[in-house]
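Architecture at a glance
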Amino acid sequence: MSASWLLIVLIAISVAGYFLGRSRVMASVQGNSRQLHSLPNYYGLNVVMTTLVPALVLLIAWVLIQPMVAQNHAASMIPDDTYADQGALNLLMSDVRRIADGLDLAVKSGNMTVEQAKDIQTGTTDIRSRLGEVGVALGSDVDPAVLTAAQAYRGVTNTGRWLMTVAVLALAAAGFAWSYLRTSKDLRARNLVEHGVLALLVGAASIAILTTLGIVLSLIFNTIEFFKLYPALDFFTSLTWSPSFGGGSQLGILPLLWGTLYISLIALLVAVPIGLFAAIYLSEYASSKVRSIVKPLLEVLAGIPTIVYGLFALLTVGPLLVEIFGAGGFLGLGWMKGGTAVMTAGIVMGVMLIPFVSSLSDDIINAVPQSMRDGSYGLGATQSETIRQVILPAALPGIVGAILLAASRAIGETMIVVLGAGAAAKLSLNPFEAMTTVTAKIVSQLTGDADFASPEALVAFALGMTLFVITLGLNVFALYIVRKYREQYE
Amino acid sequence: MKDMLIEERTAMEDVKISAKDVNVWYGDTHAIKDVSVEIKDKTVTAFIGPSGCGKSTFLRCINRMNDTIDICRVEGLITLDGQDIYDPKVDPVQLRAKVGMVFQKPNPFPKSIYDNVAYGPRIHGLARNKAELDEIVENSLRRAALWNEAKDRLQSPGTGLSGGQQQRLCIARAIATEPEVLLMDEPCSALDPIATAQVEELIDELRTSYSVIIVTHSMQQAARVSQRTAFFHLGSLVEYGETDRIFTNPVDPRTEAYITGRIG
Ligand SMILES: Nc1ncnc2c1ncn2[C@@H]1O[C@H](COP(=O)(O)OP(=O)(O)O)[C@@H](O)[C@H]1O
Ligand SMILES: [Mg+2]
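Because the structure is a prediction, the values reported are computed rather than measured. (Residues numbered from 1 in each chain as written. Chains lettered and ligands numbered in written order. Predicted model: local features only at pLDDT ≥ 70, side-chain atom pairs only at ≥ 80, totals over all residues. Heavy atoms only, no water.)

Thoughts on the overall build of chain B
- Each helix and strand counted, chain B has 11 helices and 10 strands in total.
- Taking 18 Å as the expected radius of gyration for a compact globule of 264 residues, we find that chain B reaches 19 Å, a close match to that expectation.
- With the principal axes as the frame, chain B shows a C-alpha extent of 50 × 45 × 40 Å.
- Here chain B holds 264 residues, and the buried ones make up 52% of them.
- Contacts in chain B between residues far apart in sequence, at least 24 positions, make up 66% of those at least 6 positions apart.
- Taken as a whole, chain B presents about 12,200 Å² of accessible surface, with 50% of it coming from carbon and sulfur.
- For chain B, the separation between the mean place of its 31 positive charges and that of its 38 negative charges on side chains is 3 Å. (Helix = DSSP H or I, 4+ residues; strand = E, 2+ residues; numbered from the N terminus. Rg over C-alpha atoms; globule rule 2.2 N^0.38 Å. Buried < 20%, exposed > 50% of the residue type's maximum accessible area, 1.4 Å probe, protein only. Contact = heavy atoms within 4.5 Å. Areas by Shrake-Rupley, 256 points an atom, 1.4 Å probe, with all protein chains shown as cover. Lys, Arg positive; Asp, Glu negative; His and termini not counted. Charge placed at Lys NZ, Arg CZ, Asp CG, Glu CD.)

Written as structure tokens, this is what we have:
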């Protein structure tokens, strides 16, 4: 049985278990549910829990682990001398999987019998053309070792699937039997379900934490790998970024970091005043009718995918800026040579951040207690005096926190930069020049035919790690400030 | 004839605030119903009545704080020194500088003690230089009986004071703008008995220069600090008169029921 069928069967068993458990406990008290320790539903849910959860965990673990076992087994069938290194073995193994899949398909479509699929040999059959008939195209003729490995792979997979069906169903049946027999009026089903819910929540939380941890660890290990190939000191201090896959690359992060910070700075210069003023207008001046229209509109702006902003930068803002600041442009300054520039990306990124800044600031300004406003109005202050002298100072720490969060988003932004800022790593003060950022370079180092073991590719991890540390620091600092501010009014 | 004119004039001069047929609605809620009252100058007037009877609402009409509430609608005539305060010519912001307000919960700004008190004078340009401002701050804090406790920590945040000190800071802040009327909405409800006693003493002190209106839930407090008392019930002004008389010899049965603890 395939895993998805198994899942459906499991669910069916549990649904049945729910009603069986419920009716058993009701029968045990002759339908008088007041004698029960828990509500009848809890007895049903308890049966569902013990039936479904262990079986489901086993199923998931099996589905994850079986391919690895099958692959290892198949790999051991291929003689060591047929491949040079791990990369070549990986290529061979993908052939093995294709052939195994092809054989499966052939059996399914009736092109081969089960025995044929198990026994065919390269000497007697033209595997390539036989598999071609069922629509699996192979690049070359099949090596005997590879075919044997594919057959072994199929063997393990088929046996494994069969074993899995038996084991999972047995576990489900055992769980069902155990909880069903235990169901009686004194069973504390309500508490058991409570434990189950707790376990579910803890499980979800740990998955979230563990994956994050996994990502960070893989970043760290690959970064260490990179620093083995390329000196860390050069990486952090070199002023040039010129990767070349032939070797002799200069991989200094400083030009990229400079581009990142410069673009983020311009983005914040655009986003902070506009976002903040919009927030002040919305929270202090706008009537509730205006607010109910404008707030959702701003939130729509926040929902636009950044690639769309990138297009906007490339096709609209860039050319527009060239028309103003370019040679022969509106101002006749000739500062800007092409559409892609720090300014283009910065402005568009700023637009992207406006709703972010304004909605955070709006929340923070709204959190300033009404009594502050009353106090100020009561002393004969006007609205703008109240905002400037009471509300903004009171909200300032929170607003700073919001700005830092916006900054960390700006630093991590990629698509707008890829499309709007250009690809040249430069240390320049001219905002009309094309520059690039850490994120954009991570993209360019990993796309294309890079060898993932070379420093030119691994540098992406070191760049990612640096970015991660910076944004993490900013976020922690911002949250600290925001939290400190919240406490002030509690 | 001549005598009567003089008597009328003194009566007029005596009246600081006069309200005629005031009605207030919050949307469809009729919160104040046909209230007419004359508040005397240099007197402490207490507003008493059960919760929700509209004391705060009426108080907020007097400095037009209700303007800041969208759904609130005020009708009727309220005059301050004979001037209609709801006249379009009157700037509510200017009015609030003349009619100070102290709130139920102490609400010092998150600024230093000095800046809290200097807030009003700075906005209204009451001081020509730093020395004058210092003097205003010192005088206000002295009048609010906070100077001795605060003089060594003028630059520390006002929010760091105790509840009673914060409330006296708010009073100092209100009197620093040199108002003519001081509105106090349950100024002692968040305070302990000692702080309450200090604030009450202060209110008695303030009577020499201001017309003070205090909303209170405590009958004893009304009896201790006020000369006149107004009893509100369900949005109407039921009885208004000398405090002693209201407490010893109420005319309306509802007033009697309230002060003897049967309504409220
Ligand atoms: N901001 C407001 N919006 C709507 N209704 C209000 C508002 N403030 C007060 N009210 C209503 O007006 C009535 C009088 O309230 P209030 O003046 O606060 O009473 P008091 O101060 O005497 O306890 C109450 O019924 C109250 O629900
Ligand atoms: Mg009130």
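Having seen it, we continue.
Observations concerning the interface of chain A and chain B
- Listed per partner, the contact involves 18 residues of chain A and 21 residues of chain B.
- Summed over both sides, the interface of chain A with chain B buries roughly 1,600 Å², with 63% coming from carbon and sulfur.
- Along the contact surface separating chain A from chain B lie 0 salt bridges.
- Inspection of the region where chain A meets chain B yields 4 residue pairs in polar contact (both at pLDDT 80 or more).
- Top contributing element to the side of chain A that touches chain B by residue count: helix 13 (residues 370–378) of chain A, with 7 residues.
- Its residues placed into classes, the side of chain A that touches chain B shows 7 nonpolar, 9 polar and 2 charged. (Buried area = accessible area lost by both parts, 1.4 Å probe. Salt bridge = Lys/Arg side-chain N within 4 Å of Asp/Glu carboxyl O. Polar contact = N/O pair within 3.5 Å; in protein donor to acceptor, adjacent residues only side chain to side chain. Nonpolar A, V, L, I, M, F, W, Y, C, P; charged D, E, K, R; others polar.)

Thoughts on the packing of aromatic side chains
All names here are of chain A.
- The tally for this structure, following the rule as stated, stands at 15 aromatic pairs over all chains.
- With centroids separated by 5.5 Å and ring planes inclined at 20°, the aromatic side chains of F176 and Y180 adopt a geometry described as stacked. Remark: Y180 and F176 occur in helix 6 (residues 144–182); sequence separation between them is 4 residues, near one turn of the helix.
- Between W258 and Y262, the ring centres sit 5.0 Å apart and the planes meet at 35°, which makes this aromatic pair tilted. Highlighted residues: W258 and Y262, both in helix 9 (residues 254–285), separated by 4 residues, approximately one helical turn.
- Accessibility expressed as a relative area gives 13% for Y262, which makes it buried.
- By the ring-pair criterion, three or more aromatic residues cluster together here, those being F226, F227, Y230, F235 and F236.
- In this structure, R24 is placed above the aromatic ring of Y180, and the distance from its NZ or CZ to the ring centre is 4.9 Å.
- The positively charged end of R182 is found above the aromatic ring belonging to W178, 4.2 Å away from the centroid. (Phe/Tyr/Trp six-rings, centres within 6.5 Å; stacked < 30°, edge-to-face > 60°. Lys NZ or Arg CZ within 6 Å of the ring centre and 35° of its normal.)

Thoughts on the site of ligand 1
Residue and element names in this part refer to chain B.
- Around ligand 1 lies a shell formed by Y26, A31, S51, G52, C53, G54, K55, S56, T57, I69 and I71.
- Backbone polar atom of C53 to an oxygen atom of ligand 1: 3.3 Å apart, as the coordinates give it.
- Separating an oxygen atom of ligand 1 from a backbone N or O atom of G54 is a distance of 3.1 Å.
- Within the complex, 63% of the 560 Å² of free accessible area of ligand 1 lies under protein.
- By residue number, the principal contributor to the shell around ligand 1 is helix 2 (residues 55–62), which donates 3 residues.
- For the shell around ligand 1, the per-class residue count stands at 5 nonpolar, 5 polar and 1 charged. (Near = heavy atom within 4 Å.)

What about empty space enclosed by the protein?
Residue and element names in this part refer to chain A.
- Enumeration according to the criterion identifies 1 cavity of 30 Å³ or more in this entry.
- Approximately 30 Å³ is the volume attributed to the largest cavity.
- Lining the largest cavity are L282, K295, L298, E299, P355, S358 and S359.
- Listing elements by their share of the lining of the largest cavity, those giving two or more residues are helix 10 (288–303) and helix 12 (342–367). (1 Å grid on protein atoms, 1.4 Å probe; cavity = no way out; pocket = protein on both sides within 12 Å on 5 of 7 lines; lining within 4 Å. Points joined across faces, edges and corners; volume = space filled by probe spheres on them.)

Let's talk about the domain arrangement of chain A
All names here are of chain A.
- If you check the domain split of chain A, you get domain 1 (3–187), domain 2 (188–229) and domain 3 (241–489).
- Domain 2 and domain 3 are separated by 31 Å when their C-alpha centres are compared.
- Taken together, the 9 residues of domain 2 in the interface contact 11 residues of domain 3.
- Carbon and sulfur atoms supply 88% of the area that domain 2 and domain 3 bury against each other, a total of about 840 Å² over both sides.
- Ranking the residues of domain 2 by area buried against domain 3 places L219, F226 and L229 at the top, with a combined share of 59%.
- Applying the counting rule to domain 2 against domain 3 returns 0 salt bridges.
- At the surface where domain 2 touches domain 3, the tally comes to 1 residue pair in polar contact (both at pLDDT 80 or more).
- Within the side of domain 2 that touches domain 3, the residues separate by chemical class into 6 nonpolar, 2 polar and 1 charged. (Domains from an automatic or database assignment.)

Observations regarding the sheet that holds strand 9 (residues 228–233) of chain B
Residue and element names in this part refer to chain B.
- Taken together, 6 strands build an open sheet; the order of strands is 6-7-8-3-9-10 and the sheet is mixed. Here the strands that pair on one side only, and so sit at the sheet edges, are strand 6 (99–102) and strand 10 (236–242). Looking at each pair of strands side by side, their axes are set apart by 15° on average, direction ignored.
- Contacting strand 3 (44–48), strand 7 (181–185) and strand 8 (211–215), helix 8 (residues 193–206) runs over the sheet at an angle of about 150° to strand 8. (Pairing = 2+ DSSP bridges. Axes fitted to C-alpha atoms, helices over the stretch in contact; angles between N-to-C directions.)

Thoughts on unusual backbone geometry
All names here are of chain B.
- The phi dihedral of D21 is positive, around 50°, even though this residue is not glycine.
- Residue D81 is not a glycine yet carries a positive backbone phi of 50°.
- Counting through the fold element by element, D81 comes out in the loop between strand 4 (72–80) and strand 5 (83–84).
- Judged by relative accessible area, D81 falls into the partly exposed class, the value being 45%.

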